[in-house]
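Given next are the chains, with one letter for each unit.
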Amino acid sequence: MGALLSKSSMPIVKWVAEVMGWLMNGIYKIGIHNLGLCIILFTIIIYAFMIPLQIKQQKFSKMNAVMSPELQKISKKYRGKKDQASQMKMQEETMAVYEKYGVSPTGSCLQLFIQMPIFFALYQVIINIPGYIGEIKAIFDKAVVSITSVDGYADVLTQFIKDEGLRTYTWRADDVTTNRIIDVLYNLSPTQWKHLGEISDFSGFSDVLSNTANTIRPMQNFLGLNIADTPLALIKSGWSSHSYLLILAAVLIPVLSWLTQMLNIKLMPTAATTQDGGANDQMNATMKSMNTFMPLFSAFICFSFPVGIGIYWIAGSVIRCIQQLIINKHLDNMDLEDYIRKNHVKNQDFRHRKSHSRQNRMSEILKNQNVPQI
């Protein structure tokens, strides 16, 4: 099975994906025509640009660990007090702690807000490469022209998708477009290409389909695996052909995805942080469960996703592990007092500029209303 996705139409994500698409297209144009290698290099470049965001986010996590004992004392002090006065007092004391260390309670939110559309866009570009690499899309032109010349081709393709067990998110038999056909063709395995050419309605141009498959196949081949195939399909194919090396390679994709993600979690400084207090204990237990569950879940679904997605997950995890080692070394050498002092300076400068801007706006309003200024 393969997941067929058209280019993202989600606001923000689609714009970020377009920019990333230019990068993926540029990587292809410099001569790297193996799409597995394109995905790896693409992932390395994007993650390299995200290092500053990750450093800022983890600096906040380190500061949060330093502030945690004081925040816990405040939480314990007002535990069970639900009246408005106590709640306001607790909020004031909590904000005073953040002010003391020169950080904002929403310190990591901006970094997460920026990273989320980037990760969504990364996935969109990798799973829908023909939408962003024009030369890859052009490979399917002759096949699409031939297919659309057949009467009732939409119904034929719909039946083919059903017979092959392809999971589709955008396919509609009553609204078939060129891009949707390319979505289908790009995600076909070698065996499915063969089945497509055996359809009686397409027998007149089976050579065109065969040539298209032979052109795209070496581009999709990575270490003997077709990146459009799923590990589950490769395991079934290897079992029927007694190709046990193929089965081993297919199993390694989900296993390496799980292993590299677990390693990345182990390297995260917050993974080893423990805190006392009821709420914090519950939060830590939840995080520990998530850190165990998510890699297992991604490994499980990796069996039914194209190998290209597995390559991205593995490459991304390896890159994050390397980045994390560098970031950990940087954080270990970080002067906390100097960092807190710089945060205070930044916050004071921000408040000064904000106050100055508010005064200017008020002066402008009074001026427009002809109110004498004191």
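Look up: the structure comes first, before these words.
Computed from a predicted model, the values in this text were never measured in an experiment.

Observations concerning the overall build of the protein chain
Looking only at helices and strands, the protein chain has 16 helices and four strands in total. Intrachain contacts of the protein chain at a sequence separation of at least 6 include 76% that bridge at least 24 residues. Carbon and sulfur atoms form 62% of the exposed surface of the protein chain, whose accessible area is close to 21200 Å².

Let's talk about the pattern of salt bridges
Proximity of charged atoms lets side chains of opposite charge pair with each other. As enumerated under the stated definition, the model contains three salt bridges in all. Of the charged contacts in the structure, one is a salt bridge between Lys-29 and Glu-135, with a shortest N-O distance of 3.1 Å. Here the residue Lys-29 occupies a position in helix α1 (residues 13-29), and Glu-135 occupies one in helix α6 (residues 134-139), the gap between them amounting to 106 residues. Of the residues examined, Glu-135 reaches a relative accessible area of 38% and is grouped as partly exposed. The residue Asp-175 makes a salt bridge to Arg-180 at a minimum N-O spacing of 3.2 Å.

So, the environment of Ser-104
Tracing the backbone through its elements, the reader meets Ser-104 in the loop between α4 (84-101) and α5 (109-127). Owing to a relative accessible area of 34%, Ser-104 belongs among the partly exposed residues under this scheme. Along the primary structure Ser-104 and Phe-60 are separated by 44 residues, whereas in three dimensions their C-alpha atoms are 9.0 Å apart. The contact partners of Ser-104, leaving out residues within four places of it in the chain, are Phe-60 and Tyr-98.

Details of the nonpolar core
Ile-136, Phe-140, Leu-185, Leu-196 and Phe-202 are the most contacted members of the largest nonpolar core, which totals 72 residues. Per-element tally for this core: the top contributor is helix α15 (residues 307-332), with seven residues. Setting aside its immediate chain neighbours within four residues, Leu-185 contacts Phe-140, Ala-143, Val-144, Ile-147, Trp-193 and Leu-196.

Re helix α10 (residues 190-197)
Looking at α10, one finds that the buried residues are Gln-192, Trp-193, Leu-196 and Gly-197. In an axial view of α10, the angular spread of the buried residues amounts to 140°, which keeps them on one side of the axis.

Rules used in this analysis
- Residues numbered from 1 in each chain as written.
- Predicted model: local features only at pLDDT ≥ 70, side-chain atom pairs only at ≥ 80, totals over all residues.
- Heavy atoms only, no water.
- Helix = DSSP H or I, 4+ residues; strand = E, 2+ residues; numbered from the N terminus.
- Contact = heavy atoms within 4.5 Å.
- Areas by Shrake-Rupley, 256 points an atom, 1.4 Å probe, with all protein chains shown as cover.
- Salt bridge = Lys/Arg side-chain N within 4 Å of Asp/Glu carboxyl O.
- Buried < 20%, exposed > 50% of the residue type's maximum accessible area, 1.4 Å probe, protein only.
- Core = buried A, V, L, I, M, F, W, Y, C linked by side-chain atoms within 4.5 Å.
- Arc of directions from axis to C-beta.

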